[in-house]
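Chain residues, written in single-letter form:
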Amino acid sequence: VTWTRENRWRALVVLIGAAFTLFAPDVLQLFTIINLTTAIALAILALSLGLIWGYGGILCFGQTAFFGIGAYAYTIAAINFGGSTWAVLVAVLAAAAFAALIGYFIFYGRVSDVYMAVITLTVTLILYSLIRRTSGPEYKIGSALLGGFNGVTSPPLNVPWNPAAMLFPEHVFYVGMVALILGYIFCAWLVQTHFGRVSVAIRENELRAELLGYDIRFYKLALFTIGGALAGIGGIIFCNGVGRVTPDMFNLYNSALAIIWVIVGGRGTLVGPVLGSFALFYLTSWLGTQSTVNNNLVLGIILIVFVLVVPKGILPTVVRWWDQGRSRRAMQRRELKLRRRRVAKAAEATHEG
Amino acid sequence: LDLFVALGLQIIYGIANLVLISLGLAIIFGMMRVINLAHGEFLMLGGYTVVISTNHGVNIWVAMLILAPLVVGIIGIIVERALIRFLYGRMVDTLLATWGLSLLIIGLVTTIFGAQTATTISPPLGAIAIGDYTSSTYELLLIVIAIVLSLGVYAVLRLTKLGLVARATMQSAEMASALGVSTQRIYMITFGLGAAVSGLAGGLLAPVTGVLPSIGATYIAKAFITVISGGAAILAGTTSASILLGGINGIMSFVTGPTMGEVALLAAAIVLLRLMPRGITGRFFRKSL
């Protein structure tokens, strides 16, 4: 690890996250902690979209598909296995495999950005309507009923290889925070590897990256699959925080939310989407407590305003202002120094003369 | 034989349904290369226009055939002037902005009319018997309207001056504007027309499906898939993709039930796009409209 300015900031973020994990349960009430677990799960989803969209330029409108598949796969596997140890693995693999399958058709078919967005959105919508219809007793996988609109109750996580030792909600909070922080470190590492830098190059200019000899289809597919797996991990935490999986995890509203988190927080950053998801989570749950202003209305306005006015998102814009301010201050200091020196020289000259 | 006629009719209705819900989107996409994510909401607004005006005593045919396209067309022009025109050439931003618009419209309609179904209206015209089976006459009418609408769009594009200028803009906006065509105006009209066609479709479908603020979501998956499978040509693309996907959907629904029908539709579309990334008209019927 080279300690560039960016990495020093990232280390600071990790430290703040770790401190929060340690002290939050002492300060906050259990209800807040459970609520926070949901927000953490969504933050992992935001991180996954921030990675593939912000660094790979892959605009996926259906990141919630992998999120939902992770949650469903975890729940069904945990019910069938009678423990969560392998279910977690199955869930992550299922989300990654689904991402790889969809990604294969998209990237190896070389469909354009816009088609990509539409296809991922459609896949999510179809999954939603598909799972909503599985309410009959004939729809079951192993011993897990899919339950249609009502969803399935998720068995809680347990200590690995010890199904009897189930985790309590406050423990799930720790697991969620650890997953989020590790996910963040992983993403921050990934974007600095050769693979990550090629991905950024593809985002900047696909044709140029291809002419330099990189197989852009493969790089995009790999990044997309990693993003899918990460979203699947978010799904596992989510269904543990909420206690059940429902088809609503796939719905259009959540897909739109994921996009809004990233665009508000800022593309090309990792902390931005995470902060965006926390901010909007609390904004939407606050909006849910009153009935004069509709949730969709506010989100729609936020999305339009950001696209038109702040397309880079909050974090990059703030960083740019900060940098501009700093360089301006530095320039002023330099000018001041130069002027002083000139005055001193002039004074010296008159003195000698 | 009756079974086959009834089944065939059902499949043709499915195809007509796809044509209706995607044509407005296809016009906007074909002309401007803009995917309008608020398309479902345009359909929804058409439905609301019909339901509300019928409840206020307007004749249902007037409401469906005149008011719905008019109202949604005007909304479309307002949207184009206020939002879309700032984003030409930035396709991804347009997608995001129209998605924001979609949420905004859902929110507005929910605030005004509530989240529940507004009073619905029943489909006019009764049922018709085909041997042992009955079919709704209204569905037959929708098939006819889908055909008439497609022919109408063809006639406008092929035979009128507006259509000529519009096709020129579609082929090369730069050249058209160099020859004195106001492409801005063409885009505005196209967007309005696309919205009007969507409004008409939404209005026509309202008696069948009912209206809800969130009903747009049930249309858009099919509409998007149809349009992008069809490719850039407005009519040839939409109709060929509708026939293919609607046929697959109809047959699979008959064999295994409606859920698998939709999944088969999607799977077929994704495989199709793997083989022809620019849609059916990217490979066949290239010179068509």
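Reading guide: rules and limits
- Residues numbered from 1 in each chain as written.
- Chains lettered and ligands numbered in written order.
- Predicted model: local features only at pLDDT ≥ 70, side-chain atom pairs only at ≥ 80, totals over all residues.
- Heavy atoms only, no water.
- Helix = DSSP H or I, 4+ residues; strand = E, 2+ residues; numbered from the N terminus.
- Buried < 20%, exposed > 50% of the residue type's maximum accessible area, 1.4 Å probe, protein only.
- Contact = heavy atoms within 4.5 Å.
- Areas by Shrake-Rupley, 256 points an atom, 1.4 Å probe, with all protein chains shown as cover.
- Lys, Arg positive; Asp, Glu negative; His and termini not counted.
- Charge placed at Lys NZ, Arg CZ, Asp CG, Glu CD.
- Salt bridge = Lys/Arg side-chain N within 4 Å of Asp/Glu carboxyl O.
- Phe/Tyr/Trp six-rings, centres within 6.5 Å; stacked < 30°, edge-to-face > 60°.
- Patch = residues over 30% accessible without salt bridge, like charges linked within 9 Å, V, L, I, M, F, W, Y side chains within 5 Å.
- Axes fitted to C-alpha atoms, helices over the stretch in contact; angles between N-to-C directions.
- Parallel < 35°, antiparallel > 145°, perpendicular 65-115°, else oblique.
- Left-handed = near helix turned anticlockwise from the far one by under 90°.
- Nonpolar A, V, L, I, M, F, W, Y, C, P; charged D, E, K, R; others polar.
- Buried area = accessible area lost by both parts, 1.4 Å probe.
- Polar contact = N/O pair within 3.5 Å; in protein donor to acceptor, adjacent residues only side chain to side chain.

1. A word on the overall build of chain B
Next up, step 1: When you go through chain B residue by residue, the secondary structure sums to 12 helices and two strands.
Next up, step 2: Starting at the N terminus and ending at the C terminus, chain B contains elements arranged as α-α-α-α-β-β-α-α-α-α-α-α-α-α.
Next up, step 3: In chain B, buried positions account for 55% of the 289 residues.
Next up, step 4: For chain B, long-range pairs separated by at least 24 residues make up 75% of all intrachain contacts whose partners lie at least 6 apart in sequence.
Next up, step 5: Of the roughly 12,100 Å² of accessible surface on chain B, a fraction of 69% belongs to carbon and sulfur atoms.
Next up, step 6: Measuring between centres, the 14 positive side-chain charges of chain B sit 18 Å from its 8 negative side-chain charges.

2. Structural notes on the pattern of salt bridges
Residue and element names in this part refer to chain A.
Next up, step 1: Counted by the stated rule, this structure contains seven salt bridges over all chains.
Next up, step 2: A salt bridge links Glu210 to Arg110; the shortest N-O distance between them is 2.8 Å. You can see Glu210 sitting in helix H8 (residues 206-211) and its partner Arg110 sitting in the loop between helix H4 (85-108) and helix H5 (113-132), a full 100 residues away along the chain.
Next up, step 3: On the accessibility criterion, Glu210 (29% relative accessible area) is partly exposed.
Next up, step 4: For Asp215, the salt bridge identified is with Arg217, shortest N-O distance 3.3 Å.
Next up, step 5: Under the relative-accessibility criterion, Asp215 is labelled partly exposed at 32%.

3. Focus: the packing of aromatic side chains
The description of an aromatic ring pair rests on the distance of the ring centres and on the angle between the ring planes.
All names here are of chain A.
Next up, step 1: Within this structure, the stated rule accounts for 19 aromatic pairs over all chains.
Next up, step 2: A ring pair is formed by Phe66 and Phe224, whose centres lie 5.4 Å apart and whose planes are at 85°; its orientation type is edge-to-face. Taken as a pair, Phe66 in helix H3 (residues 63-81) and Phe224 in helix H9 (residues 216-242) lie far apart in primary sequence, 158 residues in all.
Next up, step 3: You can call Phe224 buried: its relative accessible area is 0%.

4. A short note on a nonpolar patch on the surface
Residues and elements named next belong to chain A.
Next up, step 1: Taken together, the side chains of Phe81, Trp86, Leu89, Val90, Leu93 and Trp161 present a nonpolar region at the surface, about 710 Å² in accessible area.
Next up, step 2: No other element matches H4, which puts four residues into the nonpolar patch.
Next up, step 3: Inspection of the secondary structure puts Leu93 in helix H4.

5. Digging into the packing of helix H2 (residues 39-55) of chain B against helix H9 (residues 216-230) of chain B
Angle between the axes and distance between the axes: these two values describe a pair of packed helices.
Residues and elements named next belong to chain B.
Next up, step 1: Between H2 and H9, the least distance of the axes is 8 Å, while the angle of their chain directions is 130°. It follows that H2 is oblique to H9 by the angle criterion. The chirality of how H2 crosses H9 is right-handed. Seen from H2, the contacting residues are His39, Gly40, Glu41, Leu43 and Met44; seen from H9, they are Gly216, Tyr219, Ile220 and Ala223.
Next up, step 2: Taken together, the residues of the contact of H2 with H9 sort by class into five nonpolar, three polar and one charged.

6. Thoughts on the environment of Leu93 of chain A
Next up, step 1: By relative accessible area, which is 54% here, Leu93 of chain A ends up exposed.
Next up, step 2: Sequence spacing of Leu93 of chain A and Cys60 of chain A is 33 residues, and the spatial spacing of their C-alpha atoms is 19 Å.

7. Side note on unusual backbone geometry
Next up, step 1: If you check the backbone angles, Arg110 of chain A has positive phi at about 55° while not being a glycine.
Next up, step 2: Residue classification places Arg110 of chain A among the partly exposed positions, given a relative accessible area of 44%.
Next up, step 3: With a phi angle near 55°, Arg33 of chain B is a residue other than glycine that sits in the positive phi range.
Next up, step 4: By secondary structure assignment, the location of Arg33 of chain B is in the loop between helix H1 (2-32) and H2.
Next up, step 5: Residue Arg33 of chain B is classed as partly exposed on the basis of its relative accessible area, which comes to 35%.

8. A short note on the interface of chain B and chain A
Next up, step 1: Each side of the interface is counted separately: chain B has 40 residues, and chain A has 40 residues.
Next up, step 2: Taken together, the two surfaces of chain B and chain A that pack against each other cover about 3,700 Å², and 81% of this comes from carbon and sulfur.
Next up, step 3: Run the count over chain B and chain A and you get zero salt bridges.
Next up, step 4: Counting across the chain B and chain A interface gives zero residue pairs in polar contact (both at pLDDT 80 or more).
Next up, step 5: Elements represented by at least two residues in the side of chain B that touches chain A include exactly helix H4 (91-113), H9 and helix H11 (258-275) of chain B.
Next up, step 6: A total of 16 residues in the side of chain B that touches chain A trace back to one element, the largest contributor, which is H4 of chain B.
Next up, step 7: Considered class by class, the residues forming the side of chain B that touches chain A number 30 nonpolar, six polar and four charged.

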